[in-house]
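# Fold and contact review
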Amino acid sequence: AAFLLLYFHSLNKAKKKVEESEEQFRLMVSGVKDYAIIMLNAAGQVENWNTGAEKIHGYQAEEIVGQSFTKFYPDADVEQKIPEYELSIAATAGSYKAEGWRVRKDGTRYIANVIITACHDEKGELRGFSNVTRDITERRKTEESLNKYRNNLEKIVAEQTDSLRKSKDVAENANKAKGDFLANMSHEIRTPMNAIIGMSHLALNTELTPRQRDYLKKIQGSGKHLLGIIDDILDFSKIEAGKLSIEQADFELEKVLSNVAQLISEKTSQKELELVFDIDRAVPRYLHGDSLRLGQILINYANNAVKFTERGEVVISARVLEDTEHEVLLRFAVRDTGIGLTDEQQATLFRTFQQADSSTSRKYGGTGLGLAISKQLAALMQGEVGLESVAGQGSTFWFTARLGKAVGKNMNLLPMPDLRGRRVLVVDDNEVARNVLDDMLSRMSFKVDQVSGGEGAVAAVQQADLSGSPYEVVFLDWRMPGMDGIETADAIHALPLKNNPHLMMVTAYGREEVMNEARAAGLEYTLVKPVTASMLFDTTMRALGAQYDGARSGTHPVPNIAEWLSRIRGASILLVEDNEFNQEVAVGLLTDAGFEVDIASNGQVAVEMASQGAYDLVLMDMQMPVMDGVTATIEIRKNPRFANLPILAMTANAMQQDKDKCAQAGMNDYLAKPINPDELFSTLLKWIQPRHAQVAVANLSEQSVISEGMNDLPIIDGLDVELGLQRVLGKQSLYLNMLRKFVTNQENIPAQLHAALDVKDLATAERIAHTAKAVNGNIGATRLQALAGEMEDMLRSGGVPDSGILVQFTEMHTALITALKAAVQPETNDAPVVLNAEKAALILSHLHDLLSNDDSKAADVLEENTDLLRYALGPDSFSKVEKAIRQFDFEKALQHIEQADKLL
């Protein structure tokens, strides 16, 4: 009873806090004096009127409430039905922005900046409009004065430069004066803008209605947009004053691209544009330079591309132009399918205060500074800028930058060896997006096919299943003509398949309704475009049952490639190369890495040597005398014994037709010359099977540790600890935690499996077996993993596992659980948790707030206050809440908490 009293007391306090917050918000809006905030009903009559409206228009609230908002328009506008037109546009498009003349009560006129936003109820019906108006007459006068001042200043500079051409000081002083003026003006504007953005941020952290939150977000967004323009002015003034410097630090290119995506993906989503990253595999992942300025140019280009593109795609690409030991010259480009530019318009770009559209009422807006700043930034990075465009067909804006290579950090993303070579299918109607995804998956060692639509996907999945080589993952684009991704998923689920693939949604629309629709259609994972390599890698690994901690970059060390190569050291490689210099280089690299290498000087010799030897892999040059690499590969593949022998092309020809020719001949992959060591070794890791068998557990039974630095790990029969560690990139603490969770969550798996089979619930039994296969594989219980896989295959085909396999699985599983309980001590807290009712109520209230705002900190609060939350909610409700939060289903967790409140 005491707990309930305290709990309800806390709820009343929270309710009072919400009411106070709402009252504060109303006071804040009513007290705003520089903006007229007017609420209109659907007929355009005034319903609400703040202090700013009284100040700007001259009417008191009692004089104007209930009146038509047309009273603020000039008579000519009213006669032309302009007020009704503006409301109509707002109702249709959601909002309407304009600048024009308005009339005060005393008849004086002023220039107004107006934003009219349509307001709808929960059913989507129009309830009215919000009208936010600001008097910008003085600003217009200031702008005109500024333009006049700027024109006069430029005229003076030109005249003096012309008459005193020999005096550099005059020109430099003039530029400095202009730069100082711009910097000072920017500072004066920036100060109130910081207050607007900051106060909006603080208000957003209070309790708000959805409508209030929407208004504040729009205010904050507009403020940030204006602040971006001011930042451009500051950058420009710094450049002209020679005070802008380029930072030098290590950075990960993918993080720069992810930031670009976060800033522009919402805009591309709203316009239903494809946003694609096309990063050549030769571009290093880790670079040395100024990541902020690099991203600034990309964001500038990308924003322009989205602004001028109504349909189609925006592609951000990167290519290597020069590659030396310590640095690279990269060419970045942003290509769009927008309106394009004429030759005359192109001639004016990259100049200060110049835009392609220079009319007084530009459709697209902007200052014209962005491209000029981009040009200067590229120059500071020892690069250039340029564009290629055809009017009506789109544009490509590019720049080059010379960047250093981050020492010892570049490492390709590769799956564990037992996952490479898996078949996957890419389904997307956009050819560029399809090819980019294909390329990323191929370099990760997956065997990739692609189709352009849903019907082709269904046919490909069915054919692959019938052929005995099914797809394991299908990547489905959401928006496709004909069958969309959801419909394609439903059609694939309806197929009578022996092996069901994992279905993954790839969408440019990261909205919650899309995610929910995908989950309802049985799509296990969702990737939001533009897809980065690490995002694709991590999600695909999870789908295939591997487990990673996601700590490959940032402050965490990148795995040393030498450690990975130790798994395949001693493998036998046939090097087919006619050039002696290339032979020497390749042999040196390969032998130093611990490989056994034989050399064939042409394709005919290679065919003979392959038939007589036992090689793990063939490196095949394409152009050779006697017999070229393509012909040699075809001859080798004629022997069924070499059907699975990895043959990799080595070629200086990186054109798509050359790659296609290699693939048609039966080659598995290709390496571009000159050979990059990291690229060579990463590719070898994709295709060479580890030759060394795992050390038998029996041989380790008398050892107390596996190796130096691994003292805390157990030695248990049936558990390959080394393999388990590799699953988590060598992180012992994470692996031990996995073992503890295995004991907690998997102990009853045999009993659950028997129970499902007893009631002939084969679907549940298959799901349990599938989960057991993945989980046992993650910790290194390879024999249990294999047994679970056998049972899954039997159940998937409609059969029932025989009693021998069930008994063997149960006995081995029980023995492993018993051994782990003895070897792995559960985590303990030295300080016992005091189960205080008031504290529990506060923690629960805090968790409720975090879940309401979709804040991921909810998982941290759950982890840190488990006992208190279990005490507050009760065991059953806590279990449901915990499960939902760990699955990041915050909405369901919130529902469980509210249901528990009702029960209490």
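Residues numbered from 1 in each chain as written. Predicted model: local features only at pLDDT ≥ 70, side-chain atom pairs only at ≥ 80, totals over all residues. Heavy atoms only, no water.

The subject of this paragraph is unusual backbone geometry. Even without being glycine, E272 reaches a positive phi, approximately 55°. Even without being glycine, Q382 reaches a positive phi, approximately 60°. By the secondary structure assignment, Q382 is in the loop between α12 (370–380) and β11 (385–390). (Helix = DSSP H or I, 4+ residues; strand = E, 2+ residues; numbered from the N terminus.)

Grouped together as the largest cluster of nonpolar side chains are 42 residues, with contacts concentrated most on L253, L298, Y301, I316, F332 and F399. At the level of elements, α9 (253–270), β7 (274–279), α10 (291–307), β9 (313–323), β10 (327–336), α12, β11 and β12 (394–405) are the ones that each hand at least two residues to this core. Considering every element that reaches this core, the biggest residue donor is α10, with eight residues. What L253 contacts, discounting residues up to four positions off in sequence, is I279, V283, P284, R285, L287, L294 and F332. Counting 31 residues, the second largest nonpolar core, distinct from the first, contains Y735, L739, L784 and V824. (Core = buried A, V, L, I, M, F, W, Y, C linked by side-chain atoms within 4.5 Å. Buried < 20%, exposed > 50% of the residue type's maximum accessible area, 1.4 Å probe, protein only. Contact = heavy atoms within 4.5 Å.)

The parallel open sheet is built from five strands, whose spatial order is β14-β13-β15-β16-β17. Looking along the sheet, the strands with just one partner apiece sit at the ends: β14 (447–451) and β17 (525–528). The average undirected angle you get between the axes of adjacent strands in this sheet is 20°. Pairing analysis gives four bridges linking strand β13 (residues 423–427) to strand β15 (residues 473–477), with the strands arranged parallel. Each residue of the ladder has a partner; that of V426, found in β15, is F475. Lying on the sheet, helix α15 (residues 485–493) is in contact with β15 and β16 (502–507); it crosses β15 at an angle near 150°. Strands in contact with helix α17 (residues 533–543) are β15, β16 and β17; relative to β17, the strand with the most contacts, it is inclined by about 175°. (Pairing = 2+ DSSP bridges. Axes fitted to C-alpha atoms, helices over the stretch in contact; angles between N-to-C directions.)

What follows is about the sheet that holds strand β4 (residues 109–120). If you walk across this open sheet you meet the five strands as β2-β1-β5-β4-β3, and the pairing is antiparallel. Looking at which strands have only one partner, the edges of the open sheet turn out to be β2 (46–49) and β3 (95–103). Averaged over all neighbouring strand pairs, the angle between strand axes comes to 25°, with direction disregarded. Pairing analysis gives six bridges linking strand β1 (residues 36–41) to strand β5 (residues 126–135), with the strands arranged antiparallel. Within β5, the position partnered with M39 by the bridge is S130. The sheet contacts of helix α5 (residues 82–93) involve β1, β3, β4 and β5, and relative to β3 the element is tilted by about 165°.

All right, on to helix α27 (residues 749–758) then. Turning to α27, its buried residues number three or more, namely I749, P750, L753, A756 and L757. Seen end-on, α27 carries its buried residues on one side only, within an arc spanning 130°. Looking at the residues trailing α27, positive phi occurs at K760, about 60°. (Arc of directions from axis to C-beta.)

Let us now look at the confidence of the model for the chain. Overall, the predicted model of the chain reaches an average pLDDT of 77, with 74% of residues at or above 70. Mean pLDDT per element in the chain: helix α24 (residues 697–700) is the minimum at 30, and β10 is the maximum at 94. A low-confidence stretch, residues 692–711 (pLDDT under 50), is modelled with 21 contacts involving residues beyond four sequence positions or located in other chains. The low-confidence segment residues 828–833, where pLDDT is below 50, has two contacts with residues more than four positions distant or belonging to other chains. (pLDDT = per-residue confidence, 0-100.)

Mapping L40 onto the fold places it in strand β1. A relative accessible area of 3% means that L40 is categorised as buried. Once the C-alpha coordinates of L40 and F69 are considered, the two residues, 29 residues apart in sequence, prove to be 7.8 Å apart. In this structure L40 touches Q45, V46, E47, F69, L87, R127, G128, F129 and N131, once residues within four positions along its chain are discounted.

Two numbers describe how α27 lies on helix α30 (residues 803–823): the axes approach to 9 Å, and their chain directions differ by 155°. Comparing the axis directions of α27 and α30 gives the class roughly antiparallel. Note on element contacts: α30 touches α27 through L806, F809, T810 and H813, opposite I749, P750, L753, H754 and L757. Looking at the contact of α27 with α30 residue by residue, the class counts come to six nonpolar, three polar and no charged. (Parallel < 35°, antiparallel > 145°, perpendicular 65-115°, else oblique. Nonpolar A, V, L, I, M, F, W, Y, C, P; charged D, E, K, R; others polar.)

What follows covers the packing of helix α29 (residues 782–796) against α30. If you want to describe how two helices pack, look at the angle between their axes and the distance between the axes. Two elements in contact, α29 and α30, have axes whose closest approach is 10 Å; the angle formed by their N-to-C orientations is 145°. Note that α29 runs across α30; the crossing there is left-handed. Residues R783, L784, L787, A788, E790, M791 and M794 of α29 touch α30, and the partners they reach there are I805, L806, Q808, F809, M812, H813 and L816. (Left-handed = near helix turned anticlockwise from the far one by under 90°.)

So, on to the pattern of salt bridges. Tallied over the full model, the rule gives 22 salt bridges. The salt bridge partner of R102 is E86, with a shortest N-O separation of 3.5 Å. With R102 in strand β3 and E86 in helix α5, this pair connects stretches of sequence that are 16 residues apart. Both residues of the pair, R102 and E86, belong to the buried class. (Salt bridge = Lys/Arg side-chain N within 4 Å of Asp/Glu carboxyl O.)

Bringing the environment of I885 into the picture now. Following the sequence through the fold, I885 ends up in helix α34 (residues 875–886). By relative accessible area, I885 is classed as buried at 1%. On a C-alpha basis, the gap between I885 and D860 in space is 10.0 Å, while along the polypeptide they are 25 residues apart. When neighbours within four sequence positions are excluded, I885 is seen to be in contact with L847, L851, A858, A859, L862, F890 and A893.

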